[in-house]
Amino acid sequence: MNLPSDKLLNLYRKFDKQTSGWCYQNIETMSKNFDQSGKHLENKIGMLIFDEMKIKEGLVWSAETNKLLGFTDIETAEGDEIATNIIQFFFKSLFSDFAYPCAYLAVKNLTGAQVYYAFWEGIYLLHRFGFTILLSICDGASENRNFIKSCAESFPGYPKAQHLCINPVNGGPIFFMSDPPHLIKKLRNNIHSSGHKECHKRTVKLEGKEIIWEHFVSVFKRECKRVLPITKLNADAIYLNNFSKMRVNLAVHTLSNAVAKEMEENENEVTKATQKYIKVSSRIFEILNSEEPVKEETDPE
């Protein structure tokens with residue numbers, strides 16, 4: 001990654017002195033930035049996006065605050081511990097381009113309960129400054145799934161609905177969804193586990209026909225024999241490891257219409273169900289990744 005000069009990076013670092021945790025001063029700055037943008041109040045309705053990342057463990061002395069940095073912001077059963085991860089919260093308006101990184105918290109061995117505590121603390125604080133959260137987006141990590149489940153149980157109101165809950169601050173709904181890149185990887189991984197070899201955990205079927213990973217392997221083997229490939233499948237996309245599973249582009253290339261068309265031209269009957277799975281998955285990703293909003297049910301598919 002090409003970074004700016006040290007001088008410019010230092011200016012960026014000093015531009016906004018955010019502190020860890022949900023802080024009144026940080027959200028006050030966020031609110032002032034919104035007011036200065038001149039946007040209509042409806043643009044304060046938005047989504048709260050959060051994600052977790054690994055950090056290097058250790059303690060650092062801050063000369064500015066005269067404090068040790070590196071401890072967790074959410075207290076654990078063992079008390080203060082050295083953080084191993086950061087969970088970042090980001091606000092994005094649903095009706096404009098206004099966005100702001102509103103908080104980050106240092107954590108260790110993140111749990112659903114910790115996500116729950118941090119999320120609702122942020123909801124209450126954002127509400128004090130007039131920001132309304134209608135949607136929350138995160139990946140499908142186990143702690144996030146547990147968090148969403150606990151929200152549905154803690155704030156009931158929509159029977160049997162696991163994708164939303166009541167916002168106790170204003171009585172409106174908060175919807176939960178996985179981020180599109182994570183969804184496309186999950187869809188690919190689901191089929192990567194389907195097949196007849198020892199490494200496969202299941203055999204997925206649709207309308208009596210199999211959806212198995214061997215269908216994609218066959219496409220790749222035919223591609224290797226072509227002078228001009230007609231898909232973007234490569235060895236990394238077929239022979240997955242822990243690193244390649246994280247690459248969104250490989251999942252997109254696998255579940256692409258070009259792959260479905262190649263199957264139709266060579267193994268049409270055997271791969272009917274796999275072709276349908278690919279086409280639906282590809283269309284879902286296109287819709288979720290599009291900059292065009294869905295305004296009504298009659299919008300073209």
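That block above? That's the structure.
Anyway, here's the lowdown on the structure attached to this text. Only a predicted model underlies this, so the values are computations on that prediction, with no experimental measurement involved.

1. Looking at the side chain of T231
Right, on to step 1. By the element assignment, T231 lies in the loop between α6 (214–224) and α7 (235–238).
Right, on to step 2. A relative accessible area of 9% means that T231 is categorised as buried.
Right, on to step 3. Here L233 takes part through its backbone nitrogen, which lies 3.3 Å from a polar atom of the side chain of T231.
Right, on to step 4. Contact partners of T231, with chain neighbours within four places excluded, come to V219, E223, A258, V259 and E262.

2. Observations regarding the sheet that holds strand β6 (residues 132–138)
Right, on to step 1. Across the sheet, six strands lie side by side as β5-β4-β1-β6-β8-β7; this open sheet has mixed pairing. Two strands close off the open sheet at either side, each with one partner strand: β5 (99–107) and β7 (164–166). Averaged over all adjacent pairs, the angle separating strand axes in this sheet is 20°, with direction ignored.
Right, on to step 2. Judged from the nine bridges that link them, strand β1 (residues 45–54) and strand β4 (residues 85–93) form a sheet pairing that is antiparallel. Paired with L48 across the strands is F91, a residue of β4.
Right, on to step 3. Where helix α2 (residues 24–37) meets the sheet, it contacts β4 and β5, and its direction lies at approximately 170° from that of β5.
Right, on to step 4. Of the strands in this sheet, β1, β4, β5, β6, β7 and β8 (173–178) touch helix α3 (residues 112–128), which is tilted by about 145° from β1.

3. Let's talk about the state of the cysteines
Right, on to step 1. Going through the model one piece at a time under the given rule, you end up with zero disulfides.
Right, on to step 2. In this structure C138 is not part of a disulfide, and its nearest cysteine sulfur, from C151, lies 9.6 Å away.
Right, on to step 3. According to the relative accessible area criterion, C138 is buried, its value standing at 3%.

4. Section: a nonpolar patch on the surface
Right, on to step 1. Together, L94, F95, L134 and F175 line one region of the surface with nonpolar side chains, adding up to about 320 Å² of accessible area.
Right, on to step 2. Take L134: it is sitting in strand β6.

The rules behind each value
- Residues numbered from 1 in each chain as written.
- Predicted model: local features only at pLDDT ≥ 70, side-chain atom pairs only at ≥ 80, totals over all residues.
- Heavy atoms only, no water.
- Helix = DSSP H or I, 4+ residues; strand = E, 2+ residues; numbered from the N terminus.
- Buried < 20%, exposed > 50% of the residue type's maximum accessible area, 1.4 Å probe, protein only.
- Polar contact = N/O pair within 3.5 Å; in protein donor to acceptor, adjacent residues only side chain to side chain.
- Contact = heavy atoms within 4.5 Å.
- Pairing = 2+ DSSP bridges.
- Axes fitted to C-alpha atoms, helices over the stretch in contact; angles between N-to-C directions.
- Disulfide = S-S within 2.5 Å.
- Patch = residues over 30% accessible without salt bridge, like charges linked within 9 Å, V, L, I, M, F, W, Y side chains within 5 Å.
- Areas by Shrake-Rupley, 256 points an atom, 1.4 Å probe, with all protein chains shown as cover.
- Salt bridge = Lys/Arg side-chain N within 4 Å of Asp/Glu carboxyl O.

Shape is all these values report; function is a separate question.
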